[in-house]
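For reference, the chains in residue letters:
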Amino acid sequence: MSTSQDYTYYSSSTSAVPSSISTSTPPEPPAEVPNSCGSSSSSSSCSCSCQNSSSSGSCGGSSTSNYSAHPIRYSNGEIRQVQTRLSSRGYGLPWGHTLSYGSRVDGATTAGPNGFRWFIAQLPQLGKDSSGNIEVILVINDGVWFNKSGSNYVARFFTLDTLTEDTTNKEFVFTDSGGRVFKFFSFDGTIATAKQGQFKSYTDQAGTTFTPTYNGSNQVTSLSAGSSPGISYNYDYYTSGNNIDRIQYVTLKRGTTNVRRLYYTYHDTSASTGNGLTGDLRTETLEQWNGSSWDNLGSSYFRYYTSDTYDSSSNPGFAHGLKFVLKPEAYDRATSGGTVDPDSLSDTTLKNYADSYFEFTSDKRVNKELVNGPCWTSSSSSSPSSYGYSFGQSSNSDGYNNWKNKNVETLPNGSTQTVYSNYSGQVMLKVFQQASSTNKWYDYVNY
């Protein structure tokens, strides 16, 4: 699997270094400028939940952020949907289960362990394109690309991360700039296809190595740290039905004692709900062990487009394309505390509760986003929660100070923010224009 080649995914460590930042500061900033959670200063009753493990500006809104406030990547219109609901830090192993969704991923023709287009940061993997270039994927939005040059792999841009291939041990070794080492099974033909490019081991900065356990079906079943009693993450998969081999439970244990777990369900085309295809992640529920049974700590719900036949009015999406996201608070409101099946709710009803609703262009860029359902007054383009995006490109040569992509973001009150990005996806210039006014504010970065 490889990510779309019209854009290079990168982490904060791969970006060019700004040589100067120029920001024009008005006497009084307009109230419509998004704050760190994307709501205007006059909408304090609306809350924003920004769950992200990256330092690359997940919630957007700042002058140098590569993302909008909710967040959409300005340069290519991809969704950044990252969430961690199970985590621990014991025995020198900060670990957990972090999901990220790839709306602009090329080659997503098979479902992963957590469904189509969902990636697990703690079960990292390699992507490979037709030229043999390699992408290291933890959070899909922050994948690091290495171009194949003979027997070497050369990192794109300015990253200090390295990737080498050990042909003797049939593995790739990825070392990040912080000194962490991840090993992956290579693409050697003697390795089972299901294991090629998959996670082999992790070594922290202190030199302690953690190795996952695989079962006979080449699925990760556990990863442990420490002893007496130690902790472990344990993975159980569906063994029957249309969603066989998808993760059903991820359980955190201390010794042999249950602590918490994530419980997953998936859409099934045979159910005829029209809310997702077989293999699409449906719900994620966090549960806590009370000594004898599991207590529900809240669920998230996901709904998808189901057809690749694009129509800007009737089907502004693509098969497995994310349509709705309801996090636990929104889920509880929509389902009356879990007493109503969310699949029974129409799209119109769900818009009154959802944290996010997405529409796309024919090339999978988000061009409309509705956020924070409880604050919505309508589904029209003038709704206080509606954000629009329109895209353009230049024929400029590739360069860190030449703009390649332009995105005009229309904010809920009609103000616009025009964002210019270079060929590597870094924001160069933001121009904010206040609605019904000629006033403009400029933020410029020179690399």
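That block above? That's the structure.
Residues numbered from 1 in each chain as written. Predicted model: local features only at pLDDT ≥ 70, side-chain atom pairs only at ≥ 80, totals over all residues. Heavy atoms only, no water.

Caption draft 1: Summary view of the nonpolar core. Formed by 73 residues in total, the largest nonpolar core has its most connected members in Tyr235 and Leu322. Ala108, Phe119, Ile137 and Ile140 belong to the second largest nonpolar core, which has 5 residues in total. (Core = buried A, V, L, I, M, F, W, Y, C linked by side-chain atoms within 4.5 Å. Buried < 20%, exposed > 50% of the residue type's maximum accessible area, 1.4 Å probe, protein only.)

Caption draft 2: A look at the sheet that holds strand β3 (residues 81-88). Here 3 strands make up an open sheet; going across it, the order is β3-β4-β6 and the pairing antiparallel. Both edges of this open sheet fall to β3 and β6 (118-120), since each of them pairs with a single strand only. The mean angle between the axes of side-by-side strands here comes to 15°, regardless of whether they run parallel or antiparallel. Where β3 lies against strand β4 (residues 95-101), 7 bridges are found, and the strand directions are antiparallel. Its bridge partner lying in β4, Gln81 is registered against Tyr101. (Pairing = 2+ DSSP bridges. Helix = DSSP H or I, 4+ residues; strand = E, 2+ residues; numbered from the N terminus. Axes fitted to C-alpha atoms, helices over the stretch in contact; angles between N-to-C directions.)

Caption draft 3: Looking closely at the pattern of salt bridges. Tallying each qualifying case throughout the model produces 13 salt bridges. When the shortest N-O distance is used, the salt bridge between Asp343 and Arg282 registers 2.8 Å. Taken together, the residues span a long stretch of sequence, with Asp343 in the loop between α1 (328-334) and α2 (347-350) and Arg282 in strand β21 (residues 281-289) at a distance of 61 residues. Arg282 shares its class with Asp343; the two are buried. Ionic contacts of the salt-bridge type, sharing partners, join the residues Glu171, Lys183 and Lys200 into one network. (Salt bridge = Lys/Arg side-chain N within 4 Å of Asp/Glu carboxyl O.)

Caption draft 4: Layout of the side chain of Ser232. Looking at the secondary structure, you find Ser232 in strand β18 (residues 231-237). Judged by its relative accessible area of 8%, Ser232 is buried.

Caption draft 5: Seen up close, the pairing of strand β13 (residues 181-185). With 4 of its 5 residues buried, β13 lies for the most part within the structure. Where strand β12 (residues 171-175) lies against β13, 5 bridges are found, and the strand directions are antiparallel. When the bridges of β13 are listed, Thr175 appears paired with Val181.

Caption draft 6: Fine view of the pairing of strand β7 (residues 125-128). By the bridge criterion, 4 bridges tie β7 to strand β8 (residues 134-137) in an arrangement that is antiparallel. Its bridge partner lying in β8, Leu126 is registered against Val136. The hairpin formed by β7 and β8 contains 5 residues between the paired strands, and Gly132 there has a positive phi angle of roughly 90°.

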